[in-house]
Amino acid sequence: MIISNLGIGAKLRRNIILPIYWKYINRSSVLTYYQNLKELQWNSLEENREIQRRKLYKLIQYVSQNIPYYQQVIKEHNITFSEDTIFEDIKNFPLLTKEIIRNHFDKLYRFRDKTYYRNTSGGSTGEPVVFYQDKEYLNWANATKRLLNKWAGRELGDPMVKLWSLLSDILGSGQGFKGYLRQQVSGITILSTYRMTNEDMYRYVKKINKIKPRLILAYTNSIEELARFIQEHHLSIYSPPAIMTAAGVLYPEVKAKIESVFRAPVFDRYGSREVSDMACNCEKNEGLHLIPTVHYLEIIDDEGRQVRPGKPGNIIVTLLTNYTMPLIRYQIGDIGVLSDKTCSCGRGFPLLKQVKGRIRSVFSNKQGDFIDGGIFVRLFYFRESIKQFQVIQESLEQITINIVLKNKKQSKIAERDFLEISESIKKIMGSDITIKYNLVEVITPTPSGKYGYVFSKVKK
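What counts, and where the lines are drawn
- Residues numbered from 1 in each chain as written.
- Predicted model: local features only at pLDDT ≥ 70, side-chain atom pairs only at ≥ 80, totals over all residues.
- Heavy atoms only, no water.
- Pairing = 2+ DSSP bridges.
- Helix = DSSP H or I, 4+ residues; strand = E, 2+ residues; numbered from the N terminus.
- Axes fitted to C-alpha atoms, helices over the stretch in contact; angles between N-to-C directions.
- pLDDT = per-residue confidence, 0-100.
- Contact = heavy atoms within 4.5 Å.
- Polar contact = N/O pair within 3.5 Å; in protein donor to acceptor, adjacent residues only side chain to side chain.
- Phe/Tyr/Trp six-rings, centres within 6.5 Å; stacked < 30°, edge-to-face > 60°.
- Buried < 20%, exposed > 50% of the residue type's maximum accessible area, 1.4 Å probe, protein only.
- Arc of directions from axis to C-beta.

A. Representation of the sheet that holds strand S18 (residues 434–439). A sheet is described by the order of its strands in space; here four strands give the open sequence S18-S17-S16-S19, paired in mixed fashion. Both edges of this open sheet fall to S18 and strand S19 (454–456), since each of them pairs with a single strand only. Going from strand to strand, the sheet's axes swing by 20° on average, the running direction of each strand aside. In this structure, strand S17 (residues 398–405) lies alongside S18, joined through six bridges in parallel fashion.

B. Molecular detail of the confidence of the model for the protein chain. A residue-level look at the protein chain finds 88% of positions with pLDDT of 70 or above and a mean pLDDT of 86. Per-element confidence in the protein chain is highest for helix H3 (residues 45–66), whose mean pLDDT is 98, and lowest for helix H8 (residues 167–171), whose mean pLDDT is 40. Taken together, the stretch residues 1–7 has pLDDT below 50 and engages in 15 contacts with residues farther than four places along the chain or on a different chain. In the predicted structure, residues 167–174 sits below a pLDDT of 50 and forms eight contacts with residues beyond four places in sequence or in another chain.

C. Quick look at the environment of serine 395. Within the fold, serine 395 resides in the loop between strand S16 (386–393) and S17. Sequence separation of serine 395 and isoleucine 433 is 38 residues, and the distance between their C-alpha atoms is 9.4 Å. A polar atom in the side chain of serine 395 sits 3.2 Å from the backbone nitrogen of glutamine 398.

D. Structural context of the packing of aromatic side chains. A complete count under the given rule lists 17 aromatic pairs for this structure. Considering the side-chain rings of tyrosine 69 and tyrosine 70, the 5.1 Å spacing of their centres and the 75° angle between planes classify their relative orientation as edge-to-face. Look at tyrosine 69 and you get buried, because its relative accessible area is 9%. A ring pair is formed by tyrosine 202 and phenylalanine 229, whose centres lie 5.0 Å apart and whose planes are at 85°; its orientation type is edge-to-face.

E. Representation of helix H2 (residues 30–40) within the structure. Every buried residue belonging to H2 is among Val30, Tyr33, Tyr34, Leu37 and Leu40, and all of these are buried. Around the axis of H2, the buried residues are gathered within 130° of arc, so they sit on the same side.

F. Structural view of the side chain of arginine 228. With respect to the element layout, arginine 228 can be found in helix H11 (residues 220–232). By relative accessible area, which is 4% here, arginine 228 ends up buried. Here the side chain of arginine 228 touches glutamate 225 through a polar contact of 2.6 Å, side chain to side chain. Not counting chain neighbours up to four residues away, the residues in contact with arginine 228 comprise Met201, Lys257 and Lys387.

This is the structure:
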């Protein structure tokens, strides 16, 4: 049976097909957890903090009895803990880094049932890290995704388009009939972004216009590229009620362009493969709501001290839903800013003011200054000659810039742009910095589907 993406199809999926699938075929608790999160969001912040406190204590209690790595850590650091003091006690745990996971992998997990599976980080900052997850974690992750989609206005079963990178496309195997059937049942159409040619993007525009999705979920760089293509080719595009971006920093200039082309509000979702979705803005757009019953998040400086709201620091996350391979105080590699404000939406979820990007997107100069990579985005954006760009700090003395020109015949305009950009970079990084421009045909995203606008190879 082929189920329509329009009209009654969404109601059938929402009220009959998906509940039957999740409950009886998949035998999962996704819908139960989704309902739980929908109710918890209207708790007071204090009530949700109390639930977080209990879940955090339960997790620490479990690892102290079952996970060898944490048993050793607790012994070596003489850590004591109780439910009443757990928010202070957890600060005594050392940070969990990707290097520690690689070096102590066999001591970091314990299989509780047969639902475990292997996953890897995206590898955008180097070698991916391998870890185990389980069905309980996956159920909470899927429930969280559905809650965030609802914030953007998509009800379960409504038509949605995903601009996403698929492993099957990378391997050349395609999605096959099962993938097609899955799309029909879920209402989600996936458009591969592993490699987007002009022909692909023409086809994607037609697909979006035909489906008229309630929500477009996309990698930040993929939806930006499609927006640029639509704009340059003067194409007509369906305006969805909302767009949600993921897997990349949503810089203000990029957000403005996407909203202008699609004539739709953009929701900024933050997450990772290791811990799934951690935060997203709601319809009020006053910050990114954290889900305190799924994650415990800290912002610390390079010395490990807690950073007060409004100041940037390293994002440290403790995942409360994966007991197979618990991640406690995991240094995810991002920089963020907490907010002490309360969102006017009334939800009892705390706010993350901003995700500033990967640690590797922060540059440094010889004077020891730390420079937000976002400033380079502003230097390149809206340039007449530049289609795509990538800024790489090779060392304190050299920056390499990969450029895709909009039109190779505009070399004189490009040279003028390069001179202006170089002058600005020297003001920021120092007059003796060497800047090398590479004209390339395409800037290829990583297998995880994203490419960094800015990236520093300088060790912090």
